[in-house]
Amino acid sequence: MACISADGTLTVQARLVLTAFQSPRTPEDVAATTDIALFRIRGSLRELVTAGLIEQVGDGYRITVAGRQQLAAPAA
Amino acid sequence: MTTEAITTPSLPRLGSPAPSFEAETTFGPLRLEDFKGSWLILFSHPADFTPVCTTEFLAFAAIAPELKKRKVELLGLSIDSTYSHIAWVRNIEEKFKVKIPFPIIADLNKEVATAFGMIMPGESKTETSRCVFVIDDKGIVRAMVYYPLTTGRNMDELLRLVDALQTADRHGVATPANWRPGDKVIMPAPKTAEDAAARMQAKGVECTDWYFCKKAL
């Protein structure tokens, strides 16, 4: 798992992606405005959507309430 | 006696879609489709913590910024574990002060290596050879390069190859032997006698004969 560690905490990559999707955005938009490569965003989104931390909204994605709670928790 | 069907995986073909995959990498699970919209150089190396491979990783890391300018991502692969890959890239960073900026597939079950024909049993049944697949932004295999275990790859040639492919796409031309960016390119041969005659009269075109014409871009 690239986004959620074995102990349930978020990885560095997950924190970056969750932070980037505070409001609904497309992966392409995030890749164009951050240093995160598009392929990494796509891979992370798959995992974060499955974990319920990101949700799809139209053509874009945004962080969920659970995602915000996880992001607010102390980093590992 | 039972007979078991021996299935030979169909190998990638130039101009055909690259075999899709999902694999564990040093950047987490990735699929081929995650790279859609970018070009991709998928390359294999025989094993972590080996000297030729280490020189190649240093060289791939060195050309990564140039590839990025051309919208090309890098993705390595070997039949080693993620932990081995992580230990090796950390060792490279410690000993050579170079950060490896691309993911590496941990292909322990050889699924991706088999799908791409990266294992050459005549050389080794347990290691991947030095294969390079240039896959375009639509997921089509555009070039394949195979080097043996003993011989490290030439990064200048890989950059040249990418430049040539992208130039061909952008301008509908071909590139001659030893072409470099800035050199004249080959115009597609005319398909009719009238076009052949017209080509010889065309301005800004250097024709040795009707089928052999070059132009500057």
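See the structure above.
Since the structure is predicted, the reported quantities are computational estimates derived from the model, not experimental observations.

(A) Quick peek at the packing of helix 1 (residues 12-20) of chain A against helix 3 (residues 38-50) of chain A. All names here are of chain A. Following both chains from N to C, one finds helix 1 and helix 3 inclined at 90°, their axes separated by 10 Å at the closest point. As far as their axial angle goes, helix 3 and helix 1 are roughly perpendicular. When helix 1 is examined against helix 3, the residues Q13, A14, V17 and L18 are found in contact with a partner set consisting of R40, S44, L45 and L48. In the contact of helix 1 with helix 3, the residues fall into 5 nonpolar, 2 polar and 1 charged.

(B) Geometry of the packing of helix 1 (residues 51-69) of chain B against helix 2 (residues 82-96) of chain B. All names here are of chain B. Axis separation between helix 1 and helix 2 bottoms out at 11 Å; the angle between their running directions is 75°. Overall, the two elements helix 1 and helix 2 adopt an arrangement that is roughly perpendicular. Packed against helix 1, whose contacting residues are C53, T54, F57 and L58, the element helix 2 presents W88, I92 and F96 at the interface. Of the residues in the contact of helix 1 with helix 2, the class split is 6 nonpolar, 1 polar and no charged.

(C) Structural detail: the packing of aromatic side chains. The tally for this structure, following the rule as stated, stands at 14 aromatic pairs over all chains. Centre to centre, the rings of F39 of chain A and F27 of chain B are 6.4 Å apart; their planes meet at 0°, and the pair counts as stacked. Taken together, the residues span two chains, with F39 of chain A in helix 3 and F27 of chain B in the loop between strand 1 (22-23) and strand 2 (30-31). In this structure, F39 of chain A and F27 of chain B share a single accessibility class: buried. Ring centres 5.6 Å apart and planes at 75° place the aromatic pair F43 of chain B and F102 of chain B in the edge-to-face group. Here F43 of chain B is found in strand 3 (residues 39-44), whereas its partner F102 of chain B is found in the loop between helix 2 and strand 5 (104-106), with 59 residues between them in sequence. A relative accessible area of 0% means that F43 of chain B is categorised as buried. Judged by relative accessible area, which is 3%, F102 of chain B ranks as buried. Members of the aromatic cluster, joined through ring pairs, are F43, F57, F60, W88 and F102 of chain B. Geometry around F27 of chain B places R40 of chain A over its ring, the cationic atom sitting 3.9 Å from the centre.

(D) Spatial organisation of the state of the cysteines. Residues and elements named next belong to chain B. Within this structure, the stated rule accounts for 1 disulfide over all chains. Here C207 pairs with C213 through a disulfide, and the sulfurs are 2.0 Å apart. The sign of the 110° torsion about the S-S bond sets the C207-C213 disulfide as right-handed. For C207, a relative accessible area of 23% puts it in the partly exposed group. The thiol of C53 is unpaired, and the distance to the nearest cysteine sulfur, on C131, comes to 12 Å. On the basis of relative accessibility, which here comes to 1%, the residue C53 falls in the buried class.

(E) Focus on the environment of M155 of chain B. Residue and element names in this part refer to chain B. Counting through the fold element by element, M155 comes out in helix 4 (residues 155-171). Overall, the relative accessible area of 8% leaves M155 in the buried class. In sequence terms M155 and Y211 are 56 residues apart; their C-alpha atoms lie 32 Å from each other. If we ignore the near neighbours within four places in the chain, the residues touching M155 are E56, A59, F60 and I63.

Cut-off values and rules
Residues numbered from 1 in each chain as written. Chains lettered and ligands numbered in written order. Predicted model: local features only at pLDDT ≥ 70, side-chain atom pairs only at ≥ 80, totals over all residues. Heavy atoms only, no water. Axes fitted to C-alpha atoms, helices over the stretch in contact; angles between N-to-C directions. Helix = DSSP H or I, 4+ residues; strand = E, 2+ residues; numbered from the N terminus. Parallel < 35°, antiparallel > 145°, perpendicular 65-115°, else oblique. Contact = heavy atoms within 4.5 Å. Nonpolar A, V, L, I, M, F, W, Y, C, P; charged D, E, K, R; others polar. Phe/Tyr/Trp six-rings, centres within 6.5 Å; stacked < 30°, edge-to-face > 60°. Buried < 20%, exposed > 50% of the residue type's maximum accessible area, 1.4 Å probe, protein only. Lys NZ or Arg CZ within 6 Å of the ring centre and 35° of its normal. Disulfide = S-S within 2.5 Å.

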